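Observations on the model geometry
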Amino acid sequence: MSGSKRVLIIDNLFPPQRVGNVRTVKFVKYLPFYGWEPQVLTISMGGIEEIDSSVALEVSGEVKVHRAFYPNPFASVKRWKERLGHRVSPEEGEGRGSGAGSTPNPAIKALFPLKRGIGYGLYLVRRYLLIPEELILWLPFAVLKGARICRGEGIDLIFSTAPFFVNHLVALALKTMTGLPWVADYRNLWVDNPTRGHRTPLHRAVEERLDRRVIECSDKIVVIAEQMKEFLLNRYPSLKPEDVTCIGNGYDPSDFDFTPPAPERDRFLISYTGAIYDGYPTAQFLTAVGELVRGDPEMREKLRVAFYGAVTEAERDKMEGIIDGYGMRDIVSFGGVIPRREALMQAAASNALLLMFGGRGANIETVIPGKLYDYIAAGKPVIAVVPEGAAAELVRRGNCGVVVDPDDTRGIKKAILRLYRSRGSEDQ
């Protein structure tokens, strides 16, 4: 890579950290083709909470990955909590998709309330004490390491990506110290993100000021959707259209270098791969499924729904209440968090893929989950239970599925039924 310009990419989410969006990995992989030598500043291995070895760094071993110390107290506590986790055996969990494992002994079971209490304590600390997020503990170490990298490696450009917005604060400090040009990549809006609520007025005031500093001090801003660009231009009059560039997410065909398993002919499988947070329209979707299978014995026999990914406790309780209400333990399964490659294979083996997210506030039209691009690459129809906006527009423009309003349970039923019948006619 002699003669290339050097860019320092600041991203705490980098392999082997488990990542939902591999945007940075792909930047690192393909930037050398455009004359840029990427170097990465990320967190120390000890600060990683979840490891996914399947998210490989698909670039030459010459790429330098610098890891700054991250005193993450949540990582070790999270691993301890997971060791106390209850994973039932396949026989015990039949119909629940709990995965392999064994039932813990009574002594371990007795610690479950402690596990829940510690989890709630961590939630309070993260939510109220650390602004804008727990990654703020990494800031001083990242800045010191980044300054040494900029001086010692001949860096020409700083590039930071968020969310996590502390990445931008690290870049802001390095920009101030070195005077190097800086590009800030917004995969989500910060203070105006409709899916990221503010905890108190104080939190909002602090984050608004920080966000404004990032906007004003960065040399260029990158966003993932035209709707985000339009919003930023309206919110910050000092910004010019040429200051903001839209580089959408996408998919890498090399991620699908496997032979997709053929869907089972006697099943119609709808899969969701990704995290589920409070406020997602899971209740509407599962209610639609319940009403369909309750009135159609054939669909009850053939329809299956699989969720893969982390689910908040509140959403899991709500979902299981609906599942039990309609007697769907044999229909709906929870597979838990799985490696990214397995998630791609699961998508390829499905008949249809569920896309959903919550929120009705301002700027909801700017949200576009990265998993949508993987769904498109999988080539299976998408049931997009999303509000109008960038995600809905992409599904329609690409003719890759059906869009339904999150509150329209009847519309969700029609969408599922339409795809189910379409698949049935193809089999004949």
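So, a few notes on the structure that sits alongside this text. From a predicted model like this one, the values you see are computed outputs, not experimental measurements. (Residues numbered from 1 in each chain as written. Predicted model: local features only at pLDDT ≥ 70, side-chain atom pairs only at ≥ 80, totals over all residues. Heavy atoms only, no water.)

Brief notes about the sheet that holds strand 4 (residues 157-162)
- One open sheet holds the 7 strands; their spatial order is 3-2-1-4-5-6-7, and the pairing between them is parallel. Each having just a single partner strand, strand 3 (64-68) and strand 7 (244-246) make up the two edges of the open sheet. Along the sheet, successive strands turn relative to each other by an average axial angle of 25 degrees, direction set aside.
- Taken together, the 5 bridges between strand 4 and strand 5 (residues 182-186) define a ladder with parallel strand orientation. Within the sheet, the bridge partner assigned to Phe159 lies in strand 5 and is Val183. (Pairing = 2+ DSSP bridges. Helix = DSSP H or I, 4+ residues; strand = E, 2+ residues; numbered from the N terminus. Axes fitted to C-alpha atoms, helices over the stretch in contact; angles between N-to-C directions.)

Quick notes on the pairing of strand 2 (residues 36-43)
- Counting buried positions over the 8 residues of strand 2 gives 7, a clear majority of the element.
- When strand 1 (residues 5-10) meets strand 2, the two strands line up parallel, connected through 6 bridges. Bridge pairing links Ile10 to Leu41 in strand 2.
- Here strand 2 pairs with strand 3 via 5 bridges, running parallel. Along strand 3, the bridge assignment pairs Thr42 with Arg67. (Buried < 20%, exposed > 50% of the residue type's maximum accessible area, 1.4 Å probe, protein only.)

Here's the deal with the environment of Val223
- For Val223, the location among the structural elements is in strand 6 (residues 220-223).
- Here Val223 falls in the buried class, since its relative accessible area comes to 0%.
- When the C-alpha atoms of Val223 and Asn188 are compared, they prove to be 7.8 Å apart, with 35 residues separating the residues in sequence.
- Once residues lying within four places of it in the same chain are set aside, the contact partners of Val223 are Arg23, Tyr186, Met228, Lys229, Leu232, Val244, Thr245, Cys246 and Ile247. (Contact = heavy atoms within 4.5 Å.)

Brief notes about the pattern of salt bridges
- Under the criterion given, the structure shown has 26 salt bridges.
- With a shortest N-O distance of 3.2 Å, Arg6 and Glu37 are connected by a salt bridge. In this pair, Arg6 sits in strand 1 while Glu37 sits in strand 2, placing the two residues 31 residues apart along the sequence.
- Look at Arg6 and you get partly exposed, because its relative accessible area is 27%.
- Residue class for Glu37 comes out buried when judged on its relative accessible area of 12%. (Salt bridge = Lys/Arg side-chain N within 4 Å of Asp/Glu carboxyl O.)

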